[in-house]
Amino acid sequence: MVGSVVVYNNQIIGEGWHVKAGEPHAEVNAIASVKNKELLKESTIYVSLEPCSHYGKTPPCSDLIIRNGIKNVVIGTIDPYSEVAGRGIKKLMEAGHHVTMGILEDECKDLNKRFFTFHTKKRPYIILKWAETANRCIAPETKDTIAPVWISNTYAKQLVHKWRSEEQAILIGTNTALEDNPSLTTREWYGNNPTRIVIDKNLRIPETSNVYNDEVKTIIITQHLRENDINTCFEKIDFSKNLATQICDILYKYNLQSLIVEGGAKTLQTFIDENLWDETRIFEGENNFIEGIKAPELQGTVIEKTIILKNQLTIFRNHD
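The residue numbering used here restarts from 1 in each chain and proceeds along that chain's sequence as written. Residue-level local features of this predicted model are given only where pLDDT is at least 70; pairs of side-chain atoms are given and counted only at 80 or more, and the full residue set underlies all totals for whole chains, interfaces and linings. Each side-chain value is worked out from all heavy atoms of the structure, with water and hydrogens disregarded.

**Q** Looking at this model, I keep getting lost on the nonpolar core. Mind explaining?
**A** Of all hydrophobic cores here, the largest spans 31 residues; its most connected members are Ile126, Leu128, Trp130, Ile197, Leu259 and Phe271. Listing elements by their share of this core, those giving two or more residues are β6 (125–132), β8 (169–172), β9 (195–199), β10 (218–222), α8 (243–253), β12 (258–261) and α9 (265–273). Note on contacts: a residue pair is in contact if any heavy atoms of the two residues lie within 4.5 Å. Ignoring sequence-local partners within four residues, the contact set of leucine 259 consists of Pro124, Tyr125, Ile126, Ile127, Ala169, Ile170, Leu171, Ile197, Leu251 and Phe271. Working definition of a nonpolar core: buried Ala, Val, Leu, Ile, Met, Phe, Trp, Tyr and Cys residues. They are joined through side-chain atoms within 4.5 Å. The buried label applies to any residue whose accessible area, calculated with a 1.4 Å probe on protein chains only, is under 20% of its type's maximum; exposed applies above 50%, and partly exposed to all values in between. Within the second largest apolar cluster, 24 residues are counted, among which are Val198, Ile205, Val211 and Ile220. Only DSSP runs of H or I covering at least 4 residues are called helices, and only runs of E covering at least 2 are called strands; the numbering of each starts at the N terminus.

**Q** Can you walk me through unusual backbone geometry in this structure?
**A** Peptide bonds are, in most cases, trans, and in most cases residues other than glycine have a negative phi. Despite not being glycine, asparagine 10 shows a phi value in the positive range, around 65°. Among the secondary structure elements, asparagine 10 is positioned in the loop between β1 (3–8) and β2 (11–17). The exposure class assigned to asparagine 10 is exposed, which follows from its relative accessible area of 78%. A positive phi angle is found at leucine 184, which is not glycine, with a value near 60°. You can see leucine 184 is positioned in the loop between α7 (174–180) and β9.

From the geometry alone we can't say anything about function, so treat these as descriptive.
Shown next as structure tokens:
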């Protein structure tokens, strides 16, 4: 997500943004929107991310800026993608343009935190999500039906489905699949379904379960070799080693830049213990479980608190 404006004599004369992959970049749209192109030589172009310098799905934006003679360029942050990574800035400076960098850099990085995490840490941006009771239980000790026991309300559930539509993958463990038989889709919100990631060490989940319904691409993390099906892939890992780290390596291989972990306490704690999380979203409900499974233990910085009817949503960021 990139934005750009063109300024002449302290007035914006052009603006644009990157709508989606494969379409013109922000700088292209901003320059194209300027009615009097003669003003470009005396203008400054602002862009939240370093202009590209390579031929991908579109031509290099740095070449476009040079060609239009825009001598002043203000950049929010360097692009960590290996094909750019300072090359766009170098090309502009070598062509005699004045480049200012690092303006509102933290805000520009936050805008593309998934992209930045993927390219700098070689893993997806990881969001942990759970609901807990007032006495910090994530689930009852036992239950009688194969269905989720809801702690949060209907509106919180709809918000979770919206979140699913915004991320590329969603992960659960074996017990969640067996006990709740979830679909992990965006049924309560319009949008794309995330790729399903299911941990199933011994392939105990029945093939009649919703995660095997071929509705959505699914990756099964297991210790057994098995041939892939129509829309289901099997990835073998070593369960005696760091589980979350190996999962991140697999998701990086599949080019998945973001992940919601919606598993049970054990799965969530695995990611916390390996310090592989960036954001945690916790709903607190009104009810209590007399005997329940305790919620994971987490240390982080609170960045937001919201009330959704009688549920409190607290969002943490990993201070590391």
